[in-house]
Structure formats: structure tokens, C-alpha cells
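# Chain and residue survey
If you want the building blocks of each chain, they are given just below.
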Amino acid sequence: MSDQAKIIYNDQTFEAPVVKGSEGELGLDISKLRGSTGLVTYDVAYKNTGATQSSITFIDGEKGILRHRGYSIEDLANNASFLEVAFLLLKGHLPNKKEYENYADLIRMHTLVNEDVKHVFQAFPNGSHPMGQLMTMMSMMSAFYPDSLNPHRIEEDFDMTITRLIAKTPTLVAMIQKKKMGHPLVYPKNNLEYVDNFLNMTFGQITQEYAVDPVLSSAMNKLLILHADHEQNCSASTVRIVGSSQSNLYASISAGIAALWGPSHGGANQRVLEMLEEIAKDGGNVQKFIDRAKDKNDPFRLMGFGHRVYKNFDPRARIIKKSADEVLGQLKVNDPILHLAKELEEKALADPYFAERKLFPNVDFYSGIIYRAMGFPVDMFTVLFALGRMPGWIAQWNEMRKAGQPIGRPRQIYTGEVHRPYPSWDERG
Ligand code: ACO
């Protein structure tokens, strides 16, 4: 096979080198296209644009494959702890026993947040959205750790910024939930491992010991792993592009949280539950909502259905669906919302509209059902996604930084007015 592709435009021929990935992916390197021909490429929403080379995560959307550093998501979700996966994403290999213990100890040592953070929390009005709070808290971290502002400082200092992020985000997320409930904060208990510590800070009370249910702990661990990274999605691309201007890591992650918040991305998990509640309130007529989703004059979409990359199934959704059954069985939950979710899934999958467009339930369709059964408020769901995505965002940012990638700056096709003279007030009518 030729290592070059020819782009012919009028009498100009541009030879684009073909870039090959380790899984056989091929891309055209068009970085010199404009210099040679004056043309830019046009690809709204970057649907077919490779923005970088990356060795972190591989997805084959047609085959439903997701792998981190070569390990399948199924193997990781069924065998690993979230901290192991975080280590894998950040360092490139699975830790051996000693490395893992050292890493878990290191993270444990940094779980507390500065007491002054509480003052920032007090300023949030009751009812403010947890994602807005998390974004603010993330930017605020740069104020508490000004040594993080320079992304070019020595590696050891940089590693500490990453350690703080992994260690303190569960504490911040738990603080958000406690603020929401109006309950006093539960501080980290560092004899607990990462996920149990988080559950204790979130659901525990300062007045009594909280017994972490192993089924819930395992489900939470799995959910965090399933969200840990997803290559160049909207939020990871945002983190990379903000970081490409040499912005600090906390600011870049804060921007990633903003991108995740939207209902087309991570915000979908909240919207799935709200949609199911709306269907229930409306009398439970699932077909009516499916018909609305198919109606091009109605902006309503089936939340939790469809994916930019997965076109047959979302492998994370398969794992999570099984986990949802286990959790609901353990908690003996008989939730009418769950029955509606199952009916909606069955009806949509049998409908040619969804089959023709390759629309399947994504990870967000089921995650909200588990979070709800565990007792998380609906508007916390996307924050939990952000907690899981933290190592992925950091790994993407760090890869970009280490590769010395230049500032991200797309081109455009301008469609506005051509040059016109500046009119006087009288000429403007
Ligand atoms: N309900 C109804 N129709 C849909 C849905 C949906 N959920 N998703 C896509 N479609 C239709 C579109 O109307 C379009 O139809 P058309 O070809 O007749 O015009 C076709 O399917 C293709 O849709 P696009 O919007 O072009 O697909 P895109 O790849 O741009 O969007 C997205 C993917 C944003 C995920 C979309 O499927 C969606 O909005 N889903 C609902 C929100 C959601 O669940 N988001 C979470 C994604 S997973 C994640 O971020 C973790």
C-alpha cells in the first residue's frame, strides 16, 4: 500500500503522507496542505479529524472495542481497582504490587483539602448545580497550589499536582454532596481504600460509623473505571486544547468539566433520569416519547441513546447493565423508573429508526439507574462521571504537554460579509 495519498485540486496535486496507528488506523497528514495549495480541510465538529497521535486509549467504534494502554475495558472493569487504572493511564503500565501499594499510600497522604476551601463552599447558594461547583473548586485549586501554574516546572513538582488532583477530587465531590444535603462534612478516613473512602465521605455521617457495602463499593469502582478515559472526546479535547496554550492543569481540567456538563456529553446521565421521571409523570407512555424522539420537528432526543463513535454497541454499557442488575438485586430495589428504562430500551432497539441510525444505549443510559439506587441525588451524576474521568483528562493533558504540541487553533471557512466601507451615522439609516 502507498504511504501517500494524492489530493488533486484543479492543476495542483498534494501528496499527503499516510500516518499509521498501531491498530492499523490510517490517517492523512494534511498539516502542510494549506501551505502548498491554499486549501484548509472542512470538518464541522471534527467528526473525521484526528487531532493528535495518542498511546493512551484505543476505540474501534464499529466493533465495540475499548482498550486502555492495550488492556480491554472488560478485563479492567472485572479485575482492577480504579487506582490501578488511574496508574495505568497516567504511567503507561499496570503497577506491580509494590508500585501499587506505594501509589495508594501516596494518594492517601493527600486526600485532605485546605480548610479555607470550606469558605468558598459557603458562598455557593443552596441549589447551585454540583457541576458548577466542581468547576469552581477545580479552578480554585490553582489558588491554593500556585506552584502548579507553570507547566514547565520540574517533573517531581508536576507529579505532585497530578497526585493532588487524584487524591483530592473525591474529597471535593463528597463536600459538594454534603453541602447539598446540608450535612456536616465527613473527613477522609485514610485507613480506607480509595473508593470506600469516597463512599464513606459521601454517605457516612460524623455521628456514626458507615459500613461500606461491598456490592456498592464494587459497583462504584466499576463505574469509575468505565468512565476513566475515552480518547479524544469533547471534554478530553477541551482539556488538551486549553492546555495547549500552556494553561495550568487545574484550569484545563476545569474547562474539561465545563465541556462534560452538557447533555450531549456527560450531562446525559442526569438527563436520562429526568427523562424517565418525565415519562413516569406523563403516565408512563414510553411509545409517545419514542415517537417524539423520531419527530424531526421536536427537539426531544432519547437521552442515553446514540454515540459519536460507537455504532453497534457501547462496551461500557454492556458491563454497566450487568452491574445495574447486581446492585438493584442486592439493594432489593423495585423501582418503577427501572421498569420504564427496560421498556424504553426494548422498544427503541426494536424500532427501525434507531436501528437504521445505529443508535444504542450508551454508558449514560444505565449509570444513572445505579447512582439513583445507591442514593446519589440526580444532579450529582455528572460530577461522578467527572470523578471517574479525572485520570483520563490528566493523562491526555500530560501526553500533549510531553509531546510539546503547539497551541491548538482550528481554521474556518468564512461566510460573512466581504469588506465594506465604514458608514457614517447618517448612512446607517
Ligand atoms: N434520539 C433520537 N435521535 C437521535 C439520537 C437520540 N438520542 N441521537 C442521534 N439521533 C439521530 C439524529 O437525529 C440523526 O438523525 P438524521 O440522520 O435523521 O438527521 C442521526 O441519529 C445521527 O445523529 P447525530 O446527532 O448526527 O450524531 P452525533 O454523532 O453528532 O451525536 C450524540 C452523538 C450527541 C451522542 C447523539 O446521539 C445524542 O444527542 N444522544 C443523546 C445524548 C446522549 O446520550 N449523550 C451521551 C453520549 S455518551 C457520552 O458522552 C459519555
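These lines cover the structure that appears in this document, whether it is placed above or below. Here the structure is a predicted model, which means the values were calculated and not measured. (Residues numbered from 1 in each chain as written. Predicted model: local features only at pLDDT ≥ 70, side-chain atom pairs only at ≥ 80, totals over all residues. Heavy atoms only, no water.)

## With respect to the site of the ligand
Near the ligand there are 21 residues, and of these Arg301, Leu302, Gly304, Phe305 and Arg308 occur at the shortest range. A distance of 2.9 Å separates a nitrogen atom of the ligand from a polar backbone atom of Phe305. Contact between the ligand and Tyr353: a nitrogen atom at 3.0 Å from a side-chain N or O atom of the residue. In isolation the ligand exposes 920 Å². Once the protein is present, 77% of that is buried. Residue composition of the shell around the ligand, by class: nine nonpolar, six polar and six charged. (Near = heavy atom within 4 Å. Polar contact = N/O pair within 3.5 Å; in protein donor to acceptor, adjacent residues only side chain to side chain. Areas by Shrake-Rupley, 256 points an atom, 1.4 Å probe, with all protein chains shown as cover. Nonpolar A, V, L, I, M, F, W, Y, C, P; charged D, E, K, R; others polar.)

## Describing the environment of Gln330
Mapping Gln330 onto the fold places it in helix 14 (residues 315-330). Relative accessible area serves as the criterion here: at 37%, Gln330 is assigned to the partly exposed category. It is 25 Å that separates the C-alpha atoms of Gln330 and Lys178, two residues lying 152 residues apart in sequence. With residues up to four places along the chain from it excluded, the contact list for Gln330 reads Asp213 and Val215. (Helix = DSSP H or I, 4+ residues; strand = E, 2+ residues; numbered from the N terminus. Buried < 20%, exposed > 50% of the residue type's maximum accessible area, 1.4 Å probe, protein only. Contact = heavy atoms within 4.5 Å.)

## Quick word on the packing of aromatic side chains
One pass over the structure, following the stated rule, counts 14 aromatic pairs. Summarising the aromatic geometry, the rings of Phe198 and Phe376 are spaced 6.4 Å apart at their centres and angled 15 degrees between planes, so their arrangement reads as stacked. With Phe198 in helix 8 (residues 194-203) and Phe376 in the loop between helix 17 (363-374) and helix 18 (381-402), this pair connects stretches of sequence that are 178 residues apart. For the pair Phe198 and Phe376, one class covers both residues: buried. Judged by centre distance (6.0 Å) and plane angle (90 degrees), the rings of Tyr371 and Phe376 are edge-to-face. Using a relative accessible area of 0% as the deciding quantity, one classes Tyr371 as buried. For Arg318, the ring lying beneath its charged end belongs to Phe313, and the centroid distance is 3.6 Å. (Phe/Tyr/Trp six-rings, centres within 6.5 Å; stacked < 30°, edge-to-face > 60°. Lys NZ or Arg CZ within 6 Å of the ring centre and 35° of its normal.)

## Observations regarding the pattern of salt bridges
Tallied over the full model, the rule gives 23 salt bridges. In this structure, Asp60 engages Lys63 in a salt bridge whose closest nitrogen and oxygen atoms are separated by 3.9 Å. What makes Asp60 buried here is its relative accessible area of 16%. When salt bridges with common partners are traced through the structure, they connect Glu277, Asp335 and Arg372 into a single cluster. (Salt bridge = Lys/Arg side-chain N within 4 Å of Asp/Glu carboxyl O.)

## A few points about the sheet that holds strand 6 (residues 71-72)
The strand order across the open sheet built from three strands is 4-5-6, with neighbouring strands paired in antiparallel fashion. The sheet is open, and its two edges are formed by strand 4 (57-60) and strand 6, each paired on a single side. In the sheet, strand 5 (residues 65-68) pairs with strand 6 via two bridges, with the strands oriented antiparallel. Note that in strand 6 the partner of His68 across the bridge is Tyr71. (Pairing = 2+ DSSP bridges.)

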